[in-house]
Each structure stands twice: as structure tokens, then as C-alpha cells.
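This is what each chain is made of:
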Amino acid sequence: MVEIYDLLILGAGPAGMSAAIYAGRYGMKTLIIGKEIGGTTNLAGEFENYPGFTGSGIDLMKKFEEQVKTFGAVFEIGSIDKLEKVEEGFCVSVGDKKFVGSSVISGLGSERRKLGIPGEGKFLGKGVSYCATCDGNFFRGKIVAVIGGSDSAAKAAIYLASICEKVYISYRKEKMRCEPINLEKIEAMKNIEIIYNSKPLEIVGDKNVNGLKLESLDGAKLVDVDGVFIEVGSVPLTVIFDGLGVELENGYIKVDKEGRTSVEGLFAAGDGTNNPFKQTITAAADGVLATRTAYNFVKLGKK
Ligand code: NAP
């Protein structure tokens, strides 16, 4: 006989993990399926905007994990290959394994957007990085560039400037659009130079990166750098929803304010949804709301 869960949670980032805490409290038979515990919050540097907590993203997600485990949560660590509608609800495939649940909450977030320029793939791990907090230490005392103009780029630049000789930020518009507090910090750091209105053309090097070609208002130029940190946002992980008829908005899963998607029994929370503010704290809160809605659906028959 196939074991049927009340709830399958996809993704073990802040949305999925907070959903798991509430599912435990609601007494739902739950399985959390994800590639790694923590998700992209693991890549965040120091947190200043998660109330009641200071420390790294990794530390925060370790605390989530400890708390989730106190509710007896069960994890399946692996890559989700398929999500299908079945008579009992939904079936999730992870390799050869299949898991069936009456409801699903997707807490699948997003993956880093690529620039798609020459050298980006070739020098990955040889000077090209998508994570300043993971790789920054390799560039201690060196010169690096950060690409992007929002908060991830700003945070990366601030951290890198604290350990590198010089940090360039290449941004395609005329004014950084990060939170004002992050811009103030950037402006206070003498070793950050913002190159506005610039477009990265190519990352160059021999064995490792040694330059970044930019198209700027003064024409094309080569900036000598040892590393390039690409912080140009993320794209939502929605491939597994293809064929289920899930309504999307600009590529993100469309949810109502209680986490319902357009497919009955399928709920979603966090960065993969059309919610406008993509933060760890909002993902965690979305996960809680979606769990309440899933509980009402599974246990009380409310749609
Ligand atoms: P984001 O807000 O989507 O910003 C991506 C940045 O990359 C934008 O500046 C964008 O330019 C640029 N970009 C996108 N595609 C590009 C391309 N092909 N070439 C060059 N530049 C490109 O992503 P994010 O910075 O990762 O932030 C995601 C969310 O998390 C945001 O809501 C952000 O506020 C939040 N966040 C907050 C903090 C914090 O400290 N509170 C830290 C990290 C992230 P345009 O500006 O021209 O679109």
C-alpha cells in the first residue's frame, strides 16, 4: 500500500521549513523534499533584517532545521524530477522514489540568473562566482567586480570591500536601486567604485580571470580584476509545474494571499511565487500561511 502524506513540502528553504514547523503543530503527516536544507538563504551573508536574529544565513537555517526536527519532520534530500496529479492528490518523483500526498506546498525558490556572456562559464570557479560570502575569502587583498544594481549586488560589494583591495560595481543603469541603507554603506566605503551605465561584455583571463570587458558611456573598456561576482537576480524554479496548469505571473507561481495556486490542493510560498517582496522573513511567513490553507483543505475540506 502506498503511504499517503497529508502534505508534501517541496523545498527546504525558509518557506518550506516554516511550513514544516506549522504542519508539525497541526499534526499533519508531512514529508519535506529538497536538494539541501537552507536554500538560497544559505548564500546570504550577515542578517540584519530577520527580527530577533543576527548571524549568517547558514546559521539561521541551522536554527530552522533544529526547530523543524523538534516536530519530528521527515526529510527526503534529493532533486525533484516530477510532480504529477494523481487520484490521491499529487505524486512527487525523486529519482526512482515516488511520494504521494493529499496536498503540496511548493517552497521552491529560484536559481541564480546567468549573464550569458563569454567567459562566464569558462571561468566559473576560476574567478567567476555567484556567491560572495562563499567565495569572497579567495579574493582577500585582490581586486574584484560585482555585477548588478540591487540588494544582492550591494551586499556582496559591501562584504567584498571589507576584505578586498578594491571593488568595482558594474550596473547597467544610472543609480543603484538597492535599499538606501545598503547604498549609504557603499558610499561610505572608499574602495568601492560604481561604474554606472555599464554592460558586461566578456570575462577574460588565462587560467584564471584577469579582466572584465565592459561597454560603458565612454565606450568599451577592460577593467583589471581577479574575480567577478555575478549578482543579477534569480529565476524561479517552476519547470516541474509545466503540464499541471499552474497559472504563472511573469514566470512566478501566482498565489492568492493565503498561498493557493490555480490548482486545487497545490499551494506555494516564498521566492518562487508572485509575492512582491522576496525576503527570508516574507518567505517564512508565506510558508506559515500556506500551511494553514493546506490544513484547512486536507483536514477540514475547505477550498
Ligand atoms: P534583483 O532585485 O532582481 O536585482 C537584480 C539586479 O541585476 C538588478 O539591478 C538588475 O538590473 C540586474 N540585472 C538583471 N539582469 C541583468 C543582466 N542580464 N545584465 C546586467 N544586470 C542585470 O535581485 P537581487 O539583488 O538578488 O534581490 C532579490 C530580492 O531580494 C530583492 O527584493 C532584494 O531587495 C532582496 N534582497 C534584500 C537584501 C537586503 O539586504 N535586504 C539582500 C539581498 C536581496 P535592473 O536594476 O536594471 O533591473
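Cut-offs used in this document
- Residues numbered from 1 in each chain as written.
- Predicted model: local features only at pLDDT ≥ 70, side-chain atom pairs only at ≥ 80, totals over all residues.
- Heavy atoms only, no water.
- Pairing = 2+ DSSP bridges.
- Helix = DSSP H or I, 4+ residues; strand = E, 2+ residues; numbered from the N terminus.
- Axes fitted to C-alpha atoms, helices over the stretch in contact; angles between N-to-C directions.
- Buried < 20%, exposed > 50% of the residue type's maximum accessible area, 1.4 Å probe, protein only.
- Contact = heavy atoms within 4.5 Å.
- Near = heavy atom within 4 Å.
- Polar contact = N/O pair within 3.5 Å; in protein donor to acceptor, adjacent residues only side chain to side chain.
- Areas by Shrake-Rupley, 256 points an atom, 1.4 Å probe, with all protein chains shown as cover.
- Nonpolar A, V, L, I, M, F, W, Y, C, P; charged D, E, K, R; others polar.
- Domains from an automatic or database assignment.
- Left-handed = near helix turned anticlockwise from the far one by under 90°.

Asks: Outline the sheet that holds strand β16 (residues 219–224), listing residues and values.
Replies: Working definition: the strands of a sheet are paired by backbone hydrogen bonds and lie parallel or antiparallel to each other. The three strands lie next to each other as β14-β15-β16, forming an open sheet whose pairing is antiparallel. The open sheet has two free edges, formed respectively by β14 (199–205) and β16, since each of these has just one partner strand. Between one strand axis and the next, the sheet turns by 20 degrees as a mean value, whatever way the strands run. Of the strand pairs in this sheet, β14 and strand β15 (residues 209–216) are connected by six bridges, and their pairing is antiparallel. Along β15, the bridge assignment pairs Val 204 with Gly 211.

Asks: Tell me what's going on with helix α4 (residues 151–161), and back it up with residues and numbers.
Replies: Residues of α4 that are buried: Ala 153, Ala 154, Ala 156, Ala 157, Ile 158, Leu 160 and Ala 161. Buried-residue contacts for α4 involve α3 (132–135), β11 (143–147), β12 (166–170), α5 (180–188), β13 (192–195) and β17 (227–230).

Asks: So what about the side chain of Thr 291? Which residues, and what values?
Replies: Within the element layout of this structure, Thr 291 appears in helix α6 (residues 280–300). If near-sequence neighbours (up to four positions away) are discounted, Thr 291 is found in contact with Leu 7, Ala 19, Tyr 22, Ala 23, Tyr 26, Met 28 and Ile 105.

Asks: Could you give me a rundown of the sheet that holds β13, with the residues and numbers involved?
Replies: Strand order in the open sheet formed by five strands is β10-β17-β11-β12-β13, and the pairing between neighbours is parallel. Among the strands making up the open sheet, the edge pair consists of β10 (128–129) and β13. Direction of pairing for β11 relative to β12: parallel, over a ladder of five bridges. Paired with Val 146 across the bridge in β12 is Ile 169.

Asks: How would you sum up unusual backbone geometry? Please name residues and give values.
Replies: For Asn 197, which is not a glycine, the phi torsion comes out positive at approximately 50 degrees. The class for Asn 197 is partly exposed, based on a relative accessible area of 26%. One non-glycine residue, Asn 250, adopts positive backbone phi at about 50 degrees. Relative to the assigned elements, Asn 250 resides in the loop between β19 (248–249) and β20 (252–253). For Asn 250, a relative accessible area of 72% gives the class exposed.

Asks: Describe the site of the ligand, naming the residues involved and giving the relevant values.
Replies: Close to the ligand lie 20 residues, the nearest being Asp 151, Ser 152, Tyr 171, Lys 173 and Arg 177. A distance of 2.6 Å is found between an oxygen atom of the ligand and a side-chain nitrogen or oxygen belonging to Lys 173. Lys 278 has a polar backbone atom sitting 3.1 Å from an oxygen atom of the ligand. For the ligand, whose free accessible area comes to 910 Å², the fraction covered by protein is 78%. Examining the composition of the shell around the ligand, we find that three residues originate from one element, α4, more than from any other. Class assignment of the residues belonging to the shell around the ligand gives a composition of three nonpolar, eight polar and nine charged. Counting contributing residues, the shell around the ligand receives three or more from each of domain 1 (4–111 + 234–300) and domain 2 (114–230).

Asks: Explain the packing of α4 against α5 to me, and be specific about the residues and the numbers.
Replies: At a closest axis distance of 10 Å, the pairing of α4 and α5 adopts a crossing angle of 35 degrees. The crossing of α4 and α5 is left-handed. Counting all contacts with α4, which are made through Asp 151, Ala 154, Lys 155 and Ile 158, the residues of α5 involved are Asn 182, Lys 185 and Ile 186. Taken together, the residues of the contact of α4 with α5 break down into three nonpolar, one polar and three charged.

Interpretation note: all reported values are geometric properties and have no functional meaning in isolation.
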